[in-house]
Amino acid sequence: MSGIAIMTDSNCGIMPSEADKYGIYVLPMPVIIDGETYYEGVNITLDEFYKKQSAGAVISTSQPSPGDVTAMWDDILATHDQLVFIPMSSALSNTCQTALILAQDEPYKGRVFVVDNRRISVTQAMSVLDARTLAKAGNTAQEIRDILEKEALDATIYIAVDTLEYLKKGGRITPAAAAVGTVLRLKPVLTIQGEKLDSYAKTRGMKAAFQTMMNALKDDINARFSYLREQGRLKIGIANTQMDEERFQTFKTQLEKTFPGLELIYFPLTMSIGAHVGPGALGIGAMRCH
């Protein structure tokens with residue numbers, strides 16, 4: 001038997017096919033397209049997802065079934081003593097709460113430790129990589145959970161949405177507001193500060209949206225995260241839904257120039273987010289690291 005295994009879900013941006021590369025386990029998130037259930041990175045790729053979305057498919061998201069969660073736990077615990085599971089934020093999905101309930105009973109009690117990490121996307125991925133680092137340093141599964149939960153709010157995310165169509169479809173804005181916003185080229189900037197996705201600002205054009213996000217991130221780094229930067233325990237992140245590569249690289253380069261000396265990590269925004277914001281969305285953030 002090995003020691004501690006680290007498990008997450010694909011909302012962090014790491015696909016199941018990449019799990020071995022990072023020495024972790026990844027639970028694929030389900031997405032329902034025209035009534036058929038697909039599993040992210042298993043039987044549907046990001047490119048296939050956006051082709052279906054652009055073609056007008058009816059898309060909704062769902063949480064993994066309890067059976068899918070425990071089946072993966074059983075497989076992992078057959079070769080490991082303990083398991084740390086880091087799902088997406090409990091404020092954004094019921095996956096975490098379901099897992100917490102499942103972990104209270106045998107045969108998982110005392111062996112599976114679920115982290116309510118209050119993160120998603122690249123900040124969640126950072127927690128997963130931190131958990132791996134903490135395990136290698138000799139921390140127990142319970143200690144890893146406690147550390148990650150204590151530090152959960154040491155993260156910030158800003159997301160710019162390029163199209164209002166999918167926010168309208170999801171009922172997050174009215175058709176009238178979407179129509180006006182489209183005419184005025186409004187690009188909403190959203191934020192995640194450990195809880196739900198909230199509105200942050202409205203801008204005209206993606207360049208203005210990106211600058212608004214950069215200014216907000218700069219304020220966070222210079223204020224509440226300044227001590228982490230001084231300690232060398234801060235990284236910045238970038239993530240996107242389907243986007244022209246040259247356009248994305250322009251944003252990435254600007255981010256690197258604005259925050260020299262901070263390591264930049266990248267993972268894609270996943271289908272659970274893409275279903276709500278559509279293609280062309282861009283997220284940037286900062287988070288504590290180990």
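All of these numbers come straight from a predicted model, not from anything done at the bench.

Conventions we followed
- Residues numbered from 1 in each chain as written.
- Predicted model: local features only at pLDDT ≥ 70, side-chain atom pairs only at ≥ 80, totals over all residues.
- Heavy atoms only, no water.
- pLDDT = per-residue confidence, 0-100.
- Helix = DSSP H or I, 4+ residues; strand = E, 2+ residues; numbered from the N terminus.
- Contact = heavy atoms within 4.5 Å.
- Core = buried A, V, L, I, M, F, W, Y, C linked by side-chain atoms within 4.5 Å.
- Buried < 20%, exposed > 50% of the residue type's maximum accessible area, 1.4 Å probe, protein only.
- Salt bridge = Lys/Arg side-chain N within 4 Å of Asp/Glu carboxyl O.
- Expected span 1.5 Å × (residues − 1).
- Arc of directions from axis to C-beta.

1. Remarks on the confidence of the model for the chain
Segments scoring low in pLDDT should not have their predicted coordinates read at a detailed level. For the chain, per-residue confidence averages 89 on the pLDDT scale, and 91% of positions sit at 70 or higher. Mean pLDDT across the elements of the chain ranges from a minimum in helix α8 (residues 175–183), with 41, to a maximum in strand β7 (residues 112–114), with 98. Contacts from residues 173–184, a stretch scored under 50 in pLDDT, to residues over four places away or in other chains number 13 contacts.

2. Structural notes on the nonpolar core
L255 and L282 are the most contacted members of the largest nonpolar core, which totals 27 residues. Where this core is concerned, the elements lending two or more residues are β8 (155–160), α9 (206–222), β11 (234–240), α11 (245–258) and β13 (282–288). For this core, the leading source of residues is α9, giving eight residues. Setting aside its immediate chain neighbours within four residues, L255 contacts F210, M214, L217, I236, G237, I238, L264 and I284. Counting 26 residues, the second-largest nonpolar core is a separate cluster that includes C12, V115, V128 and M287.

3. Some words on the pattern of salt bridges
Scanning the entire structure with this criterion turns up nine salt bridges. As a salt-bridge pair, D146 and R145 come within 3.2 Å of each other at their nearest N and O atoms. Residues participating in the shared-partner salt-bridge network are E151, D154, R233 and R288.

4. As for α9
When the terminal C-alpha atoms of α9 are compared, their 24 Å separation across 17 residues agrees well with the 24 Å that a helix rising 1.5 Å per residue should span. All of the buried residues along α9 are M206, A209, F210, M213, M214, A216, L217, D220 and I221. For α9, the angular spread of the buried residues around the axis is 165 degrees, confining them to a single face. Turned more than 90 degrees off the buried face of α9, the exposed positions are K207, D219 and N222.

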